[in-house]
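Residue-level listing of the chains:
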Amino acid sequence: LSRQAVQRAREAFQSGRTRPLEFRLQQLHALQRMITEKETEIATALKQDINRSQYDTPLLELIGIENEIKLAIDRMAQWAAPRPVEKNVLTISDEVYIQPEPLGVVLIIGAWNYPWALTLLPLVGAIAAGNAAVVKPSELSEYSSLLLRALLSRYLDKELYPVVTGGVAETQDLLRLRFDHVFFTGGSTTGKLVMEAAAQHLTPVTLELGGKSPCYIDKDCEIRVACRRITWGKFVNCGQTCIAPDYILCEPSIQSQVVDCIRLTLLEFYGADPKCSPDYGRIINQRHFNRIMSLMEGYTPVVGGQSDSSQCYIAPTVLKDVPPHSRLMQEEIFGPVLPIVTVSDMDDAIRFVNEREKPLALYIFCNDKKAVKRMIEETTSGGVTVNDVMMHYTLSSLPFGGVGHSGMGRYHGKHTFDQLSHQRACLIRSLKMESVNLARYPPQDRRRARRSRMALKSPLIDMSKRTLIWAISATVIGFGLLVALVVILLIAAGLNCTCWYWRGFYNYF
């Protein structure tokens, strides 16, 4: 079934159906209509999958998808248009531009924690860029997966955008096939397998992974406000967010205050018993529940710690004085457990971050702008948010993606379009003015080599701005001064330079 779906998608793409912008717009409008008309069904599926609140689903997933679709509809013609580039003297009369063109058939492997956003956001870019796309939602979010398969076939072109459901075996079957790009969202372990499989076909990949995103709290910031924002980012979706703050770094002097502020915020958000709160989610399945519980072994929580295996429920939990080299600090937690690691100062925090794998996100809570700038300059991460968490993800103008162990490639807005397009280099010139090319042809001599070198070293010229006028003027003036100087020197030498000058000028061009 996977092979047949991919083959049909490739045949449909090769028919040229996706090339016209009108077709792409029609598909995007249909996708937009699907989100609007089926919001209730989507929210119900997420409630069944992960106990997601009906109010959180639009905020955490659907509004972002709608914004992305609207942006693509408004800007697609601009994104897909040829992009003129700078020229040099050799190409001054040529047509030179970059033409974005579709890659072909893209495989999109979604994730279970945000099964709609993390699957449909790449699909929006794939459609806008003119690709066909085979969609593989995660089998762990079972209800969302089945609903997505039913809805996409109803709203979008069935041949160009098929949905393949199933588990690990089905995903492996897909990865054995040749695609023109693979877009994967998930963990780094699976990401390595995806990249290895794609390498067999020399297929480029976008890997949106995760990792341990640090959250540094400076002792002089508004700790109450900082903890309120951190608490939301850490425990929304029951901690199952790739850019959630994974752990806190702070000085020992404020650790107790941080714990108290988080405790008060949790009481405000979820009440005395988060298990009864309609706004607090559940762990996706028993395997992940057991994994998170095992990470907490040996610790005494200062906040939370309660659990219920039958409901895959783990209370919002805070652990203090966590050793830097403990097992809890070796892998992404991806759950509602927040360790606090103490550092002596910002220098120590920077060292701590740099000694570990590059994270997907870095969060800095600090009022000192110079200190913030220094921390940004001296660390690296996929993205940075200062004095808040996760908000950089909501801005389509910012590229979202990891670096190193946290992933490769970027998306959101135009970045998705570019990621899933081939930037084709185009140069169109006339067969006239062949004399311009004489200097590059054999037989070569010193004079021809000098002319070629001068032409190749000429500065780039932006044809669309005033710099063109300045460049031409400078070239003409410079060339005129050079010729005048040569003529004066030759006259001074007593030579008949007039005939030489015009013959040389003709030969040069």
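Residues numbered from 1 in each chain as written. Predicted model: local features only at pLDDT ≥ 70, side-chain atom pairs only at ≥ 80, totals over all residues. Heavy atoms only, no water.

- As annotated in an unreviewed UniProt entry, the chain carries the name Aldehyde dehydrogenase and comes from Cynoglossus semilaevis.
- Comment text from UniProt for the chain, heading Sequence similarities (unreviewed entry), reads "Belongs to the aldehyde dehydrogenase family." (UniProt positions renumbered as here; feature names shortened; annotations may be inferred.)

**Description of the overall build of the chain**
Then comes step 1: In terms of helices and strands, the chain carries 17 helices and 16 strands.
Then comes step 2: With respect to the principal axes defined by its C-alpha atoms, the chain has extents near 100 × 60 × 35 Å.
Then comes step 3: For the chain, contacts bridging at least 24 residues in sequence account for 72% of all contacts bridging at least 6.
Then comes step 4: In the form shown here, the chain has an accessible surface area of approximately 24900 Å², with 57% of it arising from carbon and sulfur atoms. (Helix = DSSP H or I, 4+ residues; strand = E, 2+ residues; numbered from the N terminus. Contact = heavy atoms within 4.5 Å. Areas by Shrake-Rupley, 256 points an atom, 1.4 Å probe, with all protein chains shown as cover.)

**Remarks on the sheet that holds strand β3 (residues 105-109)**
Then comes step 1: One open sheet accounts for five strands, arranged β4-β3-β5-β6-β15; its pairing is mixed. The outermost strands of the open sheet, each flanked by one partner alone, are β4 (132-136) and β15 (407-408).
Then comes step 2: For β3 and strand β5 (residues 181-185), the ladder comprises four bridges, and the chain directions are parallel. What sits directly across from I109, in β5, is F184. (Pairing = 2+ DSSP bridges.)

**Some details on empty space enclosed by the protein**
Then comes step 1: All told, the structure shown has three cavities of 30 Å³ or more when counted by the stated rule.
Then comes step 2: Size it by volume and the largest cavity reaches roughly 50 Å³.
Then comes step 3: Lining the largest cavity, in full, are I50, N51, R52, S53, D56, N237, D279, Y280 and G281.
Then comes step 4: Of the residues assigned to the lining of the largest cavity, the class counts are two nonpolar, four polar and three charged.
Then comes step 5: The residues that make up the lining of the largest cavity include at least three from each of domain 1 (1-210 + 411-424) and domain 2 (214-405).
Then comes step 6: What the second largest cavity holds in volume is close to 40 Å³.
Then comes step 7: Lining of the second largest cavity is provided by L107, L174, L175, L177, F179, V182, A198 and T203.
Then comes step 8: A breakdown of the residues in the lining of the second largest cavity according to their chemical character gives seven nonpolar, one polar and no charged. (1 Å grid on protein atoms, 1.4 Å probe; cavity = no way out; pocket = protein on both sides within 12 Å on 5 of 7 lines; lining within 4 Å. Points joined across faces, edges and corners; volume = space filled by probe spheres on them. Nonpolar A, V, L, I, M, F, W, Y, C, P; charged D, E, K, R; others polar. Domains from an automatic or database assignment.)

**Quick word on a positive patch on the surface**
Then comes step 1: There is a patch of like positive charges on the surface, built from R446, R447, R450, R453 and K457.
Then comes step 2: Within the secondary structure, R446 sits in helix α15 (residues 446-456).
Then comes step 3: Under the relative-accessibility criterion, R446 is labelled exposed at 72%. (Patch = residues over 30% accessible without salt bridge, like charges linked within 9 Å, V, L, I, M, F, W, Y side chains within 5 Å. Salt bridge = Lys/Arg side-chain N within 4 Å of Asp/Glu carboxyl O. Lys, Arg positive; Asp, Glu negative; His and termini not counted. Charge placed at Lys NZ, Arg CZ, Asp CG, Glu CD. Buried < 20%, exposed > 50% of the residue type's maximum accessible area, 1.4 Å probe, protein only.)

**Thoughts on the environment of A132**
Then comes step 1: Here A132 is to be found in strand β4.
Then comes step 2: Between the alpha carbons of A132 and G104 there is a distance of 6.1 Å; along the sequence they are 28 residues apart.
Then comes step 3: Those residues in contact with A132, other than ones at most four positions away along the chain, are A9, F13, G104, V105, V106, L160 and Y161.

**Digging into a nonpolar patch on the surface**
Then comes step 1: Among the surface-exposed residues, I376, V384 and V386 lie close enough to one another that they form a single nonpolar patch of about 180 Å² accessible area.
Then comes step 2: Structurally, V386 can be placed in strand β14 (residues 383-386).

**A word on the layout of surface pockets**
Then comes step 1: Taken as a whole, the largest pocket holds about 1400 Å³ of empty space.
Then comes step 2: Considering the residues around the largest pocket, the lining is formed by 49 residues, among which G186, G187, S188, T189 and T190 are closest to the centre.
Then comes step 3: Every element with two or more residues in the lining of the largest pocket is listed here: α7 (168-175), β5, α8 (188-199) and α11 (286-295).
Then comes step 4: The element that contributes the greatest number of residues to the lining of the largest pocket is α8, accounting for six residues.
Then comes step 5: In terms of residue class, the lining of the largest pocket is built from 19 nonpolar, 17 polar and 13 charged.
Then comes step 6: Composition of the lining of the largest pocket by domain shows at least three residues from each of domain 1 (1-210 + 411-424) and domain 2 (214-405).

**Some thoughts on unusual backbone geometry**
Then comes step 1: Of the consecutive residues P442 and P443, the connecting peptide bond is found in the cis state with omega at 0 degrees.
Then comes step 2: Structurally, P443 is set in the loop between β16 (421-428) and α15.
Then comes step 3: Residue C238 is not a glycine yet carries a positive backbone phi of 60 degrees.
Then comes step 4: When you line up the elements, C238 lands in the loop between α9 (223-235) and β8 (247-250).
Then comes step 5: One non-glycine residue, M390, lies in positive phi territory at about 70 degrees.
Then comes step 6: With respect to the secondary-structure elements, M390 resides in the loop between β14 and β15.

**Regarding the domain arrangement of the chain**
Then comes step 1: What the domain assignment lists for the chain is domain 1 (1-210 + 411-424) and domain 2 (214-405).
Then comes step 2: Placing the centre of domain 1 and that of domain 2 at their C-alpha centroids yields a distance of 30 Å.
Then comes step 3: Between domain 1 and domain 2, the residue contacts involve 25 residues of the former and 26 residues of the latter.
Then comes step 4: Between domain 1 and domain 2, the buried area comes to about 2200 Å², and carbon and sulfur atoms account for 51% of it. (Buried area = accessible area lost by both parts, 1.4 Å probe.)

**Focus on the packing of helix α3 (residues 39-50) against helix α6 (residues 142-155)**
Then comes step 1: Two elements in contact, α3 and α6, have axes whose closest approach is 7 Å; the angle formed by their N-to-C orientations is 150 degrees. Regarding the angle of α3 to α6, the classification is roughly antiparallel. Residues E41, I42, A45, L46, Q48 and D49 of α3 pack against E142, Y143, S144 and L147 of α6.
Then comes step 2: Split into classes, the residues belonging to the contact of α3 with α6 amount to five nonpolar, two polar and three charged. (Axes fitted to C-alpha atoms, helices over the stretch in contact; angles between N-to-C directions. Parallel < 35°, antiparallel > 145°, perpendicular 65-115°, else oblique.)

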